[in-house]
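Commentary on secondary and tertiary structure
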Amino acid sequence: MPAITADTLTLPRIAGPGSTDTERPVRSITTGPRGYEGEGFPVVRAFAGVGAADLDPFIHMDQMGEIEYQPGEPRGTDWHPHRGFETVTYMIDGRFAHQDSHGGGGLITDGATQWMTAGSGILHIETPPAELVDSGGVFHGIQLWVNLPRADKFASPKYQAIEGNQVKLLSSADGGALVRVIAGEIGGEAGPGGTHTPITLAHSTIAPGARLDLPWDRRFNALVYVLSGRGSVGPVGHPIQQGQLAVLGPGDRITVAADGSQDSNRPAMEVLLLGGKPIREPVFHYGPFVMNSKSEVIEALEDFNAGRFGTVPPNALMPYRGAGA
């Protein structure tokens, strides 16, 4: 897995629990259905079947791949609008090219993250680069939608490029798990992502038989999504495996343990840890717009149709179908 890695024995260790700390219990475990996004790339709908109140401040998350594309097969999205939230694309393996109508863009690859604040309105495209389409290859990543509070729905659009080597790397107390903090903080150690809505987002690799026990802000909700492998979560060890999401209840710490044996193609358990301070505002979600009311979504549609989200730049990035297309 090309996502940034390191020798856990040389990294700062996450402190163990205090005498009064409590583990967050498991409230639910759901299995994400498979589907297709954009021009036809396969995804797992990680949040399907989970209530909005349990997800707040998150709206939507897809696991993209993991898939080994043949030449000519890679697909992405064409130019499309967003308003009212932030999109976070984390590329674990493979490459994705991004461009937007406010000057943001670049190549997202091997542990890098693009954090795009759509705010008042933006047009963007995410598509595999031409060389990946021609050669084929592994493609694996996450796209997460983070809601914006009413006060920030019309914030100026912004783009952050977070390279894999910029994330904060930590080790579990036993040295058996690597934690990559992308945004927010864990145990006082902060990741590089800047957010409007207070959240924590991290990716952990847990060796077979190892246990991850980390502090979590009591004000935040807590979600654990298994990217690959299998293990258990919570104080009573609920079984969990690839493609499943655990919603946790209140408490001070998150605990995840990897089974002693894992799949041969994935030697460790890979989990995404995420949570944030709930916004607790009405949400009206329609396609690429996440607003507080139906009238605001109608306004977004009208503004998009009137060209108020910006324009596709000259010589813009476009979907590439392959040398023989």
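Residues numbered from 1 in each chain as written. Predicted model: local features only at pLDDT ≥ 70, side-chain atom pairs only at ≥ 80, totals over all residues. Heavy atoms only, no water.

1. Description of the sheet that holds strand 24 (residues 269-276)
Here is the rule we go by: Paired strands are those between which DSSP finds at least two bridges. Each helix is a run of H or I in the DSSP string that is no shorter than four residues. Each strand is a run of E no shorter than two, and both are numbered from the N terminus. Geometry is summarised by axes, namely lines fitted to C-alpha atoms with helices restricted to the contacting stretch, and by angles between N-to-C directions that run from 0 to 180 degrees.
Taken in spatial order, the seven strands line up as 1-22-19-24-17-14-13 in an open sheet, and their pairing is antiparallel. With partners counted over all chains shown, the strands left at the sheet margins are strand 1 (26-31) and strand 13 (168-171), one partner each. Averaged over all pairs of adjacent strands, the angle between strand axes in this sheet comes to 20°, irrespective of strand direction. Where strand 1 meets strand 22 (residues 244-248), five bridges bridge the pair, whose relative direction is antiparallel. Within strand 22, the position partnered with V26 by the bridge is L248.

2. Side note on the UniProt feature "domain: Pirin C-terminal" (unreviewed entry) in the chain
The cut-off we apply is this: UniProt positions are given in the numbering used here, feature names are shortened, and annotations may be inferred rather than shown by experiment.
Feature annotation in UniProt assigns "domain: Pirin C-terminal" (unreviewed entry) to the following positions: residues 203-310. Across residues 203-310 one finds 11% helix and 45% strand; the C-alpha atoms that close the span lie 34 Å apart.

3. Overview of the environment of G231
Heads up, the rule is: Here, residues are in contact when the closest pair of their heavy atoms is within 4.5 Å.
Mapped onto the secondary structure, G231 falls in strand 20 (residues 230-233). Residues G231 and Q242, spaced eleven residues apart in sequence, show a C-alpha to C-alpha distance of 9.3 Å. Residue contacts for G231: discarding those within four places in its chain leaves H238, P239, I240, A257, A258, D259 and M269.

4. Comments concerning the pattern of salt bridges
Rules: A pair is scored as a salt bridge if a Lys or Arg side-chain nitrogen falls within 4 Å of a carboxyl oxygen belonging to Asp or Glu. Each residue is assigned to one of three classes by its accessible area relative to the maximum for its type, calculated with a 1.4 Å probe on protein chains only: buried under 20%, partly exposed between the two thresholds, exposed over 50%.
Going through the model one piece at a time under the given rule, you end up with 14 salt bridges. As a salt-bridge pair, D62 and R45 come within 2.6 Å of each other at their nearest N and O atoms. Linking D62 in strand 4 (residues 58-69) with R45 in strand 3 (residues 41-45), this pair joins segments that are 17 residues apart in sequence. We classify R45 as partly exposed; its relative accessible area is 22%. By sharing partners, the salt bridges in this structure join D21, E23, R211, D213 and R253 into a single network.

5. Observations regarding the sheet that holds strand 7 (residues 95-100)
As summarised here, the arrangement of the four strands in space is 5-10-7-8, forming an open sheet in which the pairing is antiparallel. Both edges of this open sheet fall to strand 5 (80-82) and strand 8 (105-109), since each of them pairs with a single strand only. Taking each pair of neighbouring strands and ignoring which way they run, the sheet shows an average axis angle of 30°. In this structure, strand 7 lies alongside strand 8, joined through five bridges in antiparallel fashion. Bridge pairing in strand 8 places H98 opposite G106.

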